[in-house]
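# Geometric and topological summary
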Amino acid sequence: MKKIAIIALAALSTNGFAQKKKAVVSPAIHSEIVNQPVQSYQNNEYNTKRKSFVDALLAKMTLDEKIGQLNLPSAGDFTTGQAQSSDIGKKIEQGLVGGLFNIKGAEKIRAVQKVAVEKSRLKIPLIFGMDVIHGYETTFPIPLGLAASWDMNLVQQSARIAAREAASDGINWTFSPMVDISREPRWGRVSEGAGEDPYLGSQIARAMVYGYQGKNLADKNTILACVKHFALYGAPEGGLDYNTVDMSHTRMFNEYFAPYKAAVDAGVASVMASFNEVDGIPATGNKWLMDDVLRKKWGFNGFIVTDYTGINEMIDHGMGDLQHVSALAMNAGIDMDMVGEGFLKTLKQSVSEGKVSEAQITQAARRILEAKYDLGLFEDPYRYGSANDAQKEVFNASNRAVARNVAAQSMVLLKNDKNILPLKQKGTIALIGPLVDNSVNMAGTWSVATKHGSAVTLLKGLQESVGKNVKILTAKGANVEDNKVLEDVYAAHGKVVDRDSREPSLMIKEALNVAEQADVVVLAIGESAEMSGESSSRANIDIPASQVRLLNELKKTGKPIVVVLLTGRPLTLTNIKDTSEAIINAWFPGTEAGYAVADILFGKVNPSGKLPMTFPRSVGQIPIYYNRKNTGRPLDAALTDKCEYQRFRSNYMDECNTPLYPFGYGLSYTKFEYSELTVSKTNPTGNQSIQASVNVKNTGNYDGAEVVQLYIRDLVGSNTRPIKELKGFQKIFLKKGESKQVSFNITPDDLKFYDNNLKYDWEAGDFDIMIGTSSADVKTARINWSK
Ligand code: BGC
């Protein structure tokens, strides 16, 4: 085991106040933070060498072998022993497999690689993929939580550690980052992305690609990233997974495309096509999307893989039979077919019938071979991972310490009446909730490599974090959901919820008894892990009734209640908001869950997370997002704030227009005061730049970190423009009493947008420059920028 390295984080990141003393980061990882794409793609000499190697190989390949490179089966329950005898094993021998995913363990992977490089005619090594989404065995908070840290070094660091662990265990390709912008909390996959904002999403896309791919893809601890799901997967109608998407091109380019493009600009090695249709054609068969936009407009030169059976699913989309849809995908620019074997089964015939050209297939095979070359697999097919490497790297103490820190940094303090938090380390705490002693749910959704049961429960974390002066009593209080059938649906992929068979009233009675004996109740409620994630759409995003009932009963004891929210999505918290003194949104914190929650509750870390996605008051407000357009009949700002109805204005009769918690919102145990905003010039011209500044002062009683956010509004345009757009942020650390000047440099690039003709430029005129603590709480200065 590596020793835990303890260093001051000042240069790496500016976080909660306990950071100073207890920031933990491996120095090796610290030195790996990168700020530019991997070099190999940009270097002519390298490209020439790679081209001649791949040309020579392609010249030896039959059409079948080329098509074989495009085939990506899932290993499923395929095990090494079967490597020779199974269907997949035979295909590997025949050169009909390009890569494999869903296989875990360095030795297993080595044995399969051996089949490829010893038994197949051309000895071409395989690539091994996996959904390493928010960590490998060391599991970080779900990506939506990670985004809430607004700390790009931490985000990059988490991806770096994930890559190191995965690579040491034989994996060289991750199906991450998922960067689908979403304004749809009903859609369960918001948990896997960075939320609603194009700018924040783009920063995170870049940080993750850099983290996975490092400085050089051939290093044995770097892996190929795969940005997904291209494109627009986060905008399904009704929040229903896989559903139809239909949006204007200006919205695509201005809002939804930005993070995919940022990943491409960061040198991402692969792209995954999404399941949904775009402009009436499924993304997997959409030539405009893959070829015109991704390859030609953005210059992407890596390979494109389908999502799981994405080609076959075009049959149900109504695009034709397997041969037709496979040809459609190939002609659209798809290089690799995940699981469905449409390419394997039909492309040869399509070539003979003139429906697909062999040149197109050669080109796709070339891209797969180039990726293998970049990984260094032709030099050493076994370069990734060994039992020895994995033993040193996977789930080691240093990685886990970073995960604990990242989890604490991701948490968002939603309310804290009378400064009930942080809790004092004395007296009796009642820790109540259906998942307080449940480990498997703490990792959250899409944590395929995590070891079930290795995450620290809330109970264990609290018990170990408090001294002898604190007594912790515990009770379940409720099941996640009263209805067993529904609860079973929520407990997918082995993430069991330990259903209690007692009557709800008996469980509540036990909880009340525990609460009566305590000074404070810490109540963990919300979702179980698989209530969000793939195929986990919810029509109602309240906390389930069983848990709300528990909260309401506990309230009657008069004891102060701190809610620890477990969730993979924004929930409607309207019916619980006023029932508790404090709410800390912990998302799903990962393997160090219990410790990280304790760090926040007891103030070892001062919360500094900010919401990357709007929390609605009710489901009927969806889609609700901060960077909306004005209407021609906007509601007066004063009436909006008071939630007063006005006829013939754009407002609900039965609901406020404002969200419950806006984008960018999050409290701290301390207070930050913002001065008025100053700008260095109020009338800039042409390509000048200006500085917009505020002074931020920590006027509270704790040291702490604050995310200072810059928004801009373009007041008049040739196209309607959003009421504000995030254009920058800085996470600063201020000691108690300290103040800092925070300045943003603004150039015309920050004013650019795609107009109706998809021309990307800025327009002269008035702009509001806004800096503040959330999207709804800003200081403003108006400027006029002329050309
Ligand atoms: C998901 C992808 C994932 C793939 C492979 C699909 O169902 O949509 O995000 O990468 O499976 O596991």
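The structure displayed is predicted, hence computed values, not measured ones.

## Digging into the state of the cysteines
This model, assessed by the stated rule, comprises one disulfide. At a sulfur-sulfur separation of 2.0 Å, the disulfide partner of cysteine 643 is cysteine 656. Between cysteine 643 and cysteine 656 the disulfide shows an S-S torsion of about -100°. By sign, it is left-handed. One end of the pair, cysteine 643, is in the loop between helix 24 (637-642) and strand 17 (672-674); the other, cysteine 656, is in the loop between helix 24 and strand 17, and 13 residues separate them in sequence.

## Some points on the environment of lysine 697
Structurally, the position occupied by lysine 697 is in strand 19 (residues 690-698). Along the chain, lysine 697 and tyrosine 233 lie 464 residues apart, while their C-alpha atoms are 41 Å from each other. With near-sequence residues (within four places) excluded, lysine 697 lies in contact with Lys671, Phe672, Glu673, Leu734, Gly737, Glu738 and Ser739.

## Observations regarding the sheet that holds strand 6 (residues 270-273)
As summarised here, the arrangement of the three strands in space is 5-6-9, forming an open sheet in which the pairing is parallel. At either end of the open sheet lies a strand with only one pairing partner, and these are strand 5 (226-230) and strand 9 (303-305). Pairs of neighbouring strands in the sheet enclose a mean axial angle of 25°, with direction left out of account. The pairing of strand 6 with strand 9 spans three bridges and is classified as parallel.

## Points about the site of the ligand
The full set close to the ligand counts 13 residues, and Asp131, Arg189, Lys228, His229 and Asp307 are the nearest of them. Between an oxygen atom of the ligand and a side-chain N or O atom of lysine 228, the distance comes to 2.8 Å. Histidine 229 is positioned such that a nitrogen or oxygen atom in its side chain is 2.7 Å from an oxygen atom of the ligand. Considering the ligand on its own, with 310 Å² of exposed area, one finds that the protein chains cover 94% of that surface. Tallied by class, residues from the shell around the ligand come to seven nonpolar, one polar and five charged.

## Things to note about the pairing of strand 16 (residues 582-585)
Walk down a regular strand and you will see the side chains alternate between the two sheet faces. Burial along strand 16 is two-sided: the residues Ala582 and Ile584 and Ile583 and Asn585 are all buried. Pairing analysis gives four bridges linking strand 11 (residues 412-416) to strand 16, with the strands arranged antiparallel. Across the sheet, residue lysine 415 finds its bridge partner in strand 16, namely isoleucine 583. Where strand 15 (residues 561-566) lies against strand 16, four bridges are found, and the strand directions are parallel. Note that in strand 16 the partner of valine 562 across the bridge is alanine 582.

## As for the confidence of the model for the protein
Scored by pLDDT, the protein comes out at a mean of 94, with 94% of its residues at no less than 70. Within the protein, the lowest mean pLDDT, 37, falls on helix 1 (residues 19-22), and the highest, 99, falls on strand 9. Here residues 1-25 is modelled with pLDDT under 50, and outside its nearest four sequence neighbours on either side it reaches 71 contacts, counting other chains as well.

## Things to note about the sheet that holds strand 2 (residues 99-101)
Strands sit in the order 2-3-4 across an open sheet of three strands; the sheet is parallel. A strand with exactly one partner marks an edge of an open sheet, and here the two such strands are strand 2 and strand 4 (173-174). Pairing of strand 3 (residues 127-130) with strand 4, which is carried by two bridges, proceeds in the parallel orientation. Directly across from methionine 130, in strand 4, lies its bridge partner threonine 174.

Definitions and cut-offs
- Along each chain, residue indices are assigned from 1 in the same order as the chain's sequence is written.
- Reporting in this predicted model follows two pLDDT cut-offs: at least 70 for local features of residues, and 80 or more for side-chain atom pairs to be given and counted; totals over whole chains, interfaces and linings ignore these cut-offs and use all residues.
- Side-chain calculation: all heavy atoms of the structure are included, whereas hydrogens and water are not.
- Counting rule for disulfides: a pair of cysteine sulfur atoms within 2.5 Å.
- A run of H or I in DSSP becomes a helix once it reaches four residues, and a run of E becomes a strand once it reaches two; helices and strands are each numbered from the N terminus.
- Here, two residues are considered to be in contact whenever any of their heavy atoms come within 4.5 Å of each other.
- Whether two strands pair depends on DSSP finding at least two bridges between them.
- The convention used is that axes are lines fitted to C-alpha atoms, helices contributing only their stretch in contact, and that angles between N-to-C directions extend from 0 to 180 degrees.
- Here a residue is considered near a molecule or strand provided that any single heavy atom belonging to it is located within 4 Å of it.
- Polar contacts here mean pairs of N or O atoms no more than 3.5 Å apart (in protein, one a potential hydrogen donor and the other a potential acceptor; neighbouring residues in sequence count only if both atoms are side-chain atoms).
- Note on areas: Shrake-Rupley, 1.4 Å probe, and residue coverage restricted to the protein chains presented here.
- In this count, Pro and Cys sit with the nonpolar residues alongside Ala, Val, Leu, Ile, Met, Phe, Trp and Tyr, while Asp, Glu, Lys and Arg are called charged and the others, Gly among them, polar.
- Partly exposed describes any residue whose relative accessible area lies between the buried limit of under 20% and the exposed limit of over 50%, with all areas from a 1.4 Å probe on protein chains only and scaled to the type maximum.
- Confidence of the predictor in every single residue is expressed as pLDDT, which spans 0 to 100.

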